[in-house]
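Residue-level listing of the chains:
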Number of protein chains: 2
Amino acid sequence: MRLFNQVAIIGVGLIGGSIGLAIKKRRIAKRVIGISRRKKTINNAISRRAIDYGSQDLSVVRDSDLIILASPVGSIIQIGIRISSLVKPEAIITDTGSTKKIIVKELENVLPNFVGSHPLAGSEKQGIDNARGDLFCGSLCVLTPTVNTKKPVLNKIKRFWTALGARVTYLSPQRHDEFISCVSHLPHAIAFSLILSVPRSSLFLASTGLSDTTRIASSPEEVWKDIFLTNSKNILKALERFTGSLSCIKSAIMRKDTRSLEILLRRARAKRLSLKR
Amino acid sequence: MRLFNQVAIIGVGLIGGSIGLAIKKRRIAKRVIGISRRKKTINNAISRRAIDYGSQDLSVVRDSDLIILASPVGSIIQIGIRISSLVKPEAIITDTGSTKKIIVKELENVLPNFVGSHPLAGSEKQGIDNARGDLFCGSLCVLTPTVNTKKPVLNKIKRFWTALGARVTYLSPQRHDEFISCVSHLPHAIAFSLILSVPRSSLFLASTGLSDTTRIASSPEEVWKDIFLTNSKNILKALERFTGSLSCIKSAIMRKDTRSLEILLRRARAKRLSLKR
């Protein structure tokens, strides 16, 4: 289903590349162009047919009807500001950043047709080589409209993500950052800390328990430093809550309090089972 | 390859049931008997052909050549003591507990042919219904001999686990408990705490990051309270180290110290990638 004439994807990594593949596969746009700092990424994206044309120069976005900012969170605002003088007045712009408050606040000012998106479909893998056309199928995509968002723009972006196979939900940028700090940013901070704390001498005994618990610690540092720093308040709050729970378990172990320990673990188990994954 | 005439498995859950299935499949013993507190478990184990005969009465272990204590850690010592007056003098006894120091110390005194085992092949699932005959294939099994262990007994137990498909390694009970607290008990304590700390209101946004990181939090509380309480010293030490790593990441976020944060995350990522799972 054709929704756009030309789509430009800035940052053709795991997310940007997967968007390109999905657009081509589902014929959502006539033409997909990709922008990357690296020539090699552009060539890979073209040979994987994720984009029709690629450039290292941002000015190629000029004639696009939809522009997707899919670079790491730390560079999205800067790129958004740079393209603001280039894009057509009616062009719709969105991003795929994992934090929304700062990005939406800054880019709404310079891009009148901007809506923030966060497709919850990442993985610890990165790069165009891991991109998949079905990455968004059945996944959730959070859109973060504000009082300044134009209804038709929001609807078009909703149709776009739906066409890619995602279920769409709406949250304010603030609520998004609060919720996502608990279910995504906190687990990442924990996984990074956990693997750092395990002595190398004991790793030969590591089994699926450790490897599953720390899988997301192999996520790229360039991506995650930006996320941690652009949602620091919420993450620090989530870490406080985590430290509280950990203290309860620790204290029950120290006191050899079987009963309390059992109650805590049972509650944890029931909550985890309710996740159904 | 027949190694024993009769094997008795006390506790026919995930681990005990899987041992039974593997013994039968690989014809390691002529006869496998199972002991469980629950009639239903015995019936399930018989109908799944994990055991030939089952009883709720411990005294049936009498004529067995190998006895495997596969109940939760908290009851292994008590059961070991109870069977000490029943077993043949030449019978070999082992257990499958996740902590070894306390168990080995107590049971060596009452069972002269005892060697501790810890097959690293569990999962968050439990019960005979989840037992699998190939559970130990390619997994690691730690044996924990001491100065009191008889060489032929140790060799026989080694041959037994090898016949079940496991790779066998040796550690002192103390070293086992120290190492395993880092790679298994710590991740469990973290996973339980993490899921407890996530507000229910945010769970609708949960994706694979949270579900993988907390998968082992759905492990049974009956099993894990015992493990935490019989290896408390090592677990508390591991928790201290974890808290130290977490503080480094937290402090870098608070100080908005991009450089330190990037170095920490890069180090975590490299260590996780070295796990290769």
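In the block above lies the structure referred to throughout.
None of these values were measured; they are calculated from a predicted model.

Student: Is there a simple way to think about the overall build of chain A in this case?
Tutor: A count of helices and strands for chain A gives 10 helices and eight strands. Overall, the C-alpha framework of chain A stretches about 70 × 45 × 30 Å when taken along its three principal axes. With 277 residues in all, chain A has 60% of them scored as buried. Across chain A, contacts joining residues at least 24 apart in sequence account for 70% of those joining residues at least 6 apart. A total of about 11,400 Å² of accessible surface is found on chain A, and carbon and sulfur atoms cover 50% of it.

Student: Is there a simple way to think about the sheet that holds strand 5 (residues 92–95) of chain B in this case?
Tutor: Hydrogen bonding along the main chain pairs the strands of a sheet, whether they run parallel or antiparallel. Residues and elements named next belong to chain B. Taken in spatial order, the eight strands make up an open sheet running 3-2-1-4-5-6-7-8, and their pairing is mixed. In this open sheet, the two strands that pair with only one neighbour each are strand 3 (53–55) and strand 8 (167–170). Within the sheet, the average angular offset between the axes of one strand and its neighbour, ignoring direction, is 25°. Both strand 2 (residues 29–35) and strand 3 contribute to a ladder of three bridges, which runs parallel. Considered in strand 3, the bridge of Ile35 is made with Ser55. Along the sheet, helix 1 (residues 14–25) contacts strand 1 (4–10), strand 2, strand 4 (66–69) and strand 6 (114–119); its crossing angle with strand 2, the most-contacted strand, is approximately 165°. Contacts between helix 3 (residues 73–83) and the sheet are confined to strand 1, strand 4 and strand 5, with strand 4 contributing the most and set at about 150° to the helix.

Student: So what exactly am I meant to see when it comes to the environment of A:Ile216 here?
Tutor: With respect to the helices, strands and loops of the structure, A:Ile216 is situated in the loop between helix 7 (208–213) and helix 8 (221–230). Among the residues examined, A:Ile216 registers a relative accessible area of 3% and is labelled buried. Separated by 93 residues in the primary sequence, A:Ile216 and A:Ser123 have C-alpha atoms spaced 7.5 Å apart. If near-sequence neighbours (up to four positions away) are discounted, A:Ile216 is found in contact with A:Glu124, A:Pro187, A:His188, A:Ala191, A:Phe192, B:Gly209 and B:Thr213.

Student: Quick question: what am I supposed to make of the relation of the copies chain B and chain A here?
Tutor: Once turned by 180° and shifted 0.0 Å along the axis, chain B lies on chain A with an RMSD of 0.0 Å. The two molecules are tied by a two-fold rotation axis, judged by turn and shift. Within chain B, B:Thr213 has its C-alpha nearest the rotation axis, a separation of 2.0 Å. Mapped onto chain A, 100% of the interface residues of chain B again fall at the interface, so both copies present the same surface.

Student: Would you mind going over the packing of aromatic side chains with me for this structure?
Tutor: What characterises a pair of aromatic rings is the spacing of the ring centres plus the angle enclosed by the ring planes. A full pass over the atoms with the stated rule returns 13 aromatic pairs over all chains. Between A:Phe160 and A:Trp161, the aromatic rings sit 5.4 Å apart at their centres with planes inclined by 65°, giving edge-to-face as the arrangement. For A:Trp161, a relative accessible area of 0% translates into the label buried. Centre to centre, the rings of B:Phe136 and B:Trp161 are 5.5 Å apart; their planes meet at 70°, and the pair counts as edge-to-face. Taken together, the residues span a long stretch of sequence, with B:Phe136 in the loop between strand 6 and strand 7 (140–144) and B:Trp161 in helix 5 (residues 151–163) at a distance of 25 residues. Each member of the pair, B:Phe136 together with B:Trp161, is buried. Taken together, the ring pairs in this structure connect A:Phe4, A:Phe136, A:Phe160 and A:Trp161 into an aromatic cluster. Across the ring face of A:Phe4, the terminal group of A:Lys156 is positioned such that the distance to the ring centre comes to 4.7 Å.

Student: Help me understand the sheet that holds strand 1 (residues 4–10) of chain A, please; the structure alone is not making it clear to me.
Tutor: Residues and elements named next belong to chain A. Here eight strands make up an open sheet; going across it, the order is 3-2-1-4-5-6-7-8 and the pairing mixed. Looking at strand neighbours, the two that pair on one side only are strand 3 (53–55) and strand 8 (167–170), the edges of this open sheet. Direction aside, the axes of adjacent strands within the sheet are offset by 25° on average. In this fold helix 3 (residues 73–83) packs onto strand 1, strand 4 (66–69) and strand 5 (92–95), with an angle of close to 150° to the strand it touches most, strand 4.

Cut-off values and rules
- Residues numbered from 1 in each chain as written.
- Chains lettered and ligands numbered in written order.
- Predicted model: local features only at pLDDT ≥ 70, side-chain atom pairs only at ≥ 80, totals over all residues.
- Heavy atoms only, no water.
- Helix = DSSP H or I, 4+ residues; strand = E, 2+ residues; numbered from the N terminus.
- Buried < 20%, exposed > 50% of the residue type's maximum accessible area, 1.4 Å probe, protein only.
- Contact = heavy atoms within 4.5 Å.
- Areas by Shrake-Rupley, 256 points an atom, 1.4 Å probe, with all protein chains shown as cover.
- Pairing = 2+ DSSP bridges.
- Axes fitted to C-alpha atoms, helices over the stretch in contact; angles between N-to-C directions.
- Least-squares fit on C-alpha atoms with pLDDT ≥ 70 in both.
- Phe/Tyr/Trp six-rings, centres within 6.5 Å; stacked < 30°, edge-to-face > 60°.
- Lys NZ or Arg CZ within 6 Å of the ring centre and 35° of its normal.

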